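Coordinate inspection notes
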Amino acid sequence: MTAATGTPTKPGAAADDADKNPTPPAKRARGETLFFALRSKKFLVSATILLVLAFIAIFGPLIDSTDPVAQGGLPMRHPTLELGNWFGSTYFGDDVFSQFANGLRASFFVGFLGGGLAAVIGMGVGFVAGYRGGWLDEILNMITNIFLVIPTLAVLLVITSYLAARGVLFEAVFVGLFSWPWAARAIRAQTFSLRSREFIDLAKLSGRSGWKVILFEIAPNMSSYLFLTYILLFGGAILLAASLDFIGLGPTGGMSLGLMMYNSVTYGAALQLGIWWWFIPPGIGIIALVGALYVMNVGLDEIFNPKLRDI
Amino acid sequence: MLSLNRVSKSYKVGTFGGKELVAVRDVSFDVDEGEVVSLIGESGSGKTTIGKMILKLVEISRGSITCDGTDVAGIHGGAVKAYYRHVQGVFQDPFSSYNPIFKADRVFSMIRSEYFADMARSEWSDKIEAALRAVTLEPDQVLNKYPHQLSGGQLQRLLVARALLLDLKFLVADEIISMLDASTRIDVLNLLADLKSRGMGILFITHDLSLGNYISEKTVILRRGAIVEMGATEKVFGNPTHPYTKVLITSVPQLHKKWADVEAEIRARGGDDSGTCLFHQAYPPTAGPAAADAPTLVKVEDDHYVGCFDLGQGICRVA
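Predicted, not measured: the structure shown is a model, and the values here were computed from it.

**Overview of the overall build of chain A**
- What chain A contains, in helices and strands, is 15 helices and 0 strands.
- Expressed as a percentage of the 311 residues in chain A, the buried residues total 41%.
- Partitioning the intrachain contacts of chain A with sequence separation of at least 6 by distance along the chain shows that 69% fall at a separation of at least 24.

Now the structure itself:
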């Protein structure tokens, strides 16, 4: 209903146009997606939040170039409007805004890399297991289930005791290596249902090899789902990294949002001393970032899936 | 020649794969070039599975399928592509044969990218046009459209046209007429006849006896995965021997005849005129299990064979 009446052109004119020059549905479908995207409050709000956070992560360290761990400034300054002191300073005299912007950067980095790594592994395992089936599926499924029940924190504790220096890169890779299993399972199930469809048979009959069938027939059919999976993995990676940071297993050099909270509670006694500007910004940052990603996931789901549209 | 030799397909079912579900049982027949063989059977009789085994879309459990002497199960990798150049299939449901998110003529470009990558664009479009004319489609009506914008009949004929782009020797036509309306149906049937006269071998899978009768030289009647009767079409239809074939032929709806009358007719006969099982007359059942290479069909007359009369209802009365 809304698809017809909601298009910006007049219904009568649209019908005339369609008779003379039928619009290719791909364009129409894409236009429709954009139309519903711009109408979805969930999408718009979450996209705005993410854009603002991304802006801070990209340009924040350029505007306020104070070293986040310099420890040179006046300690426990209240936030003021003065540049270099927007969020005040820590117990050790570090600039909180600089820490926040750099931490946000690290969070995005972990999200992109960790989420991306998890998405690549999850898609690879899911597609191959679902498409090939048989013993390969059994083996991959077994590996997936093993990874699913491995306690990530315990493994990290063991690894940490051997590694003296851990960077954000290590954290991202680690998070990526441990958060793919559910994605693999979901993609495997979808591939399973798609692979028995007749157009897959037709592609095989056209001489297409296995990986081409996966890449050009199966994956495009679930592209929106894959996109949503990546967003969820992105948010999940950030959250997992933040919780690792908070219990002191974060990067040893550099800064992250979770590490700020860890430092404020463990070394700075921020709660007791009332340095609220030290732990509130990273907390809000994490909540806003992960929350916006999840809300965006729900919004995009409604945009891609007409059945969920709130009409 | 496409030749099936005691082909079986079974699936493992149950919790630990302990049970076996036999979909196709000891099926042997040949399809010659320039010949239409109709494979007739009810739903679930294994017709589609046989077609898919020929097309290497389903693995063969036992037996072998050979194409011009080459074992089909033994070809892998690049040889499969070469095999598909000569053996193609058209499936029963045209709507699910197209990837819904792409344009329908993508089935042509797939063929081009895999088989005719270095063909000139104009030459290729001429080829497509010729193939479309062969299936009585107007190129500008069907090209550059999405599957949902075309009718089932158009989609089905596009699939036939797609197969025509290759150098076909054999075509597996799985219920390709079922989705078409009466007027286009005859076009496609005539097209198949034309392809046959040009030397193509066609396996015409159908559940419609009259279509099979109309087009084919040879008829294979399938029930529960096994051949019950096969032979030259006029012999199978003229002198049906197996009780199942008889019931099938009587139950073809006819103009000027109500089903109630037909049913009464069958009931009056009591389904009892099948007589003794010809198969077990010729090959009396031994006490032990049958040998793996024991025959499955008995000759009725030249080019006419029939299987055991057992319909799973104890009708087979061993003499």
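**Comments concerning the overall build of chain B**
- Assigned secondary structure in chain B consists of 12 helices and 12 strands.
- Across the 319 residues in chain B, those meeting the buried criterion constitute 40%.
- Within chain B, counting contacts between residues at least 6 apart in sequence, those at least 24 apart form 67% of the total.

**Here's the deal with the interface of chain A and chain B**
- Facing the 15 residues of chain A at the interface are 19 residues of chain B.
- The set of elements that each furnish at least two residues to the side of chain A that touches chain B consists of α10 (198-205) and α11 (210-221) of chain A.
- Looking at the side of chain A that touches chain B element by element, the count peaks at 7 residues for α10(A).
- Of the residues in the side of chain A that touches chain B, the class split is 6 nonpolar, 3 polar and 6 charged.

**Details of the domain arrangement of chain B**
Residues and elements named next belong to chain B.
- You can read the domains of chain B as domain 1 (2-102 + 168-238) and domain 2 (239-319).
- Elements that contribute at least two residues to the side of domain 1 that touches domain 2 include exactly α8 (209-215), β9 (218-223), β10 (226-232) and α9 (233-238).
- Among the elements that line the side of domain 1 that touches domain 2, the one with the most residues is β10, at 7 residues.
- A class-by-class count of the residues in the side of domain 1 that touches domain 2 yields 9 nonpolar, 3 polar and 5 charged.

**Here's the deal with the confidence of the model for chain B**
- Averaged over all residues, the pLDDT of chain B is 83; the fraction at 70 or higher stands at 89%.
- Across the predicted assembly, pTM comes out at 0.77 and ipTM at 0.83.

**Focus on the environment of Ile218(A)**
Residues and elements named next belong to chain A.
- The topology assignment puts Ile218 in helix α11.
- Given 22 C-beta atoms within a 10 Å radius, Ile218 is considered buried.
- Spatially, the C-alpha atoms of Ile218 and Ala183 are 16 Å apart, while their sequence positions differ by 35 residues.

**Quick notes on the nonpolar core**
- Counting 154 residues, the largest nonpolar core has Ala173(B) and Leu203(B) as its most contacted members.
- Examining the composition of this core, we find that 18 residues originate from one element, helix α5 (residues 96-132) of chain A, more than from any other.
- Each of domain 1 (2-102 + 168-238) and domain 2 (239-319) of chain B gives at least three residues to this core.

**As for the pairing of β10(B)**
Residue and element names in this part refer to chain B.
- Burial of β10 is extensive: 6 of the 7 residues sit out of reach of the surface.
- Two strands pair when backbone bridges link them, and β9 and β10 are joined in this way by 6 bridges, in the antiparallel orientation. Bridging across to β10, Thr219 finds its partner in Gly231.
- From the end of β9 to the start of β10, which pair antiparallel, there are 2 residues, and Arg224 there has a positive phi angle of about 50 degrees.
- When β10 meets strand β12 (residues 304-307), the two strands line up antiparallel, connected through 3 bridges. When the bridges of β12 are listed, Glu229 appears paired with Val306.

**Regarding the sheet that holds β12(B)**
Residue and element names in this part refer to chain B.
- The strand order across the open sheet built from 8 strands is β6-β7-β8-β3-β9-β10-β12-β11, with neighbouring strands paired in mixed fashion. Each end of this open sheet is capped by a strand with a single partner; those strands are β6 (87-90) and β11 (297-301). The mean inter-strand angle of the sheet, taken between neighbouring strand axes irrespective of direction, is 20 degrees.
- The sheet contact formed by strand β7 (residues 170-174) and strand β8 (residues 201-206) spans 5 bridges and is parallel. Bridged to Ala173 within β8 is Phe204.

**Points about the packing of helix α12 (residues 223-249) of chain A against helix α15 (residues 276-304) of chain A**
Residue and element names in this part refer to chain A.
- Interaxial distance between α12 and α15 falls to 10 Å at its minimum, and their mutual angle equals 165 degrees. Between α12 and α15, the crossing angle belongs to the class labelled roughly antiparallel. Here α12 runs over α15; the crossing is left-handed. The segment α12 lies against α15, with Ser224, Leu228, Ile231, Leu232, Phe234, Gly235, Ile238, Leu239 and Ala242 engaging Ile286, Leu289, Val290, Leu293, Tyr294, Met296, Asn297, Leu300, Asp301 and Phe304.

Rules and cut-offs
Residues numbered from 1 in each chain as written. Chains lettered and ligands numbered in written order. Predicted model: local features only at pLDDT ≥ 70, side-chain atom pairs only at ≥ 80, totals over all residues. Helix = DSSP H or I, 4+ residues; strand = E, 2+ residues; numbered from the N terminus. Buried ≥ 20, exposed ≤ 12 C-beta atoms within 10 Å, placed from the backbone. Contact = placed C-beta atoms within 7 Å. Nonpolar A, V, L, I, M, F, W, Y, C, P; charged D, E, K, R; others polar. Domains from an automatic or database assignment. pLDDT = per-residue confidence, 0-100. Core = buried A, V, L, I, M, F, W, Y, C linked by C-beta atoms within 7 Å. Pairing = 2+ DSSP bridges. Axes fitted to C-alpha atoms, helices over the stretch in contact; angles between N-to-C directions. Parallel < 35°, antiparallel > 145°, perpendicular 65-115°, else oblique. Left-handed = near helix turned anticlockwise from the far one by under 90°.

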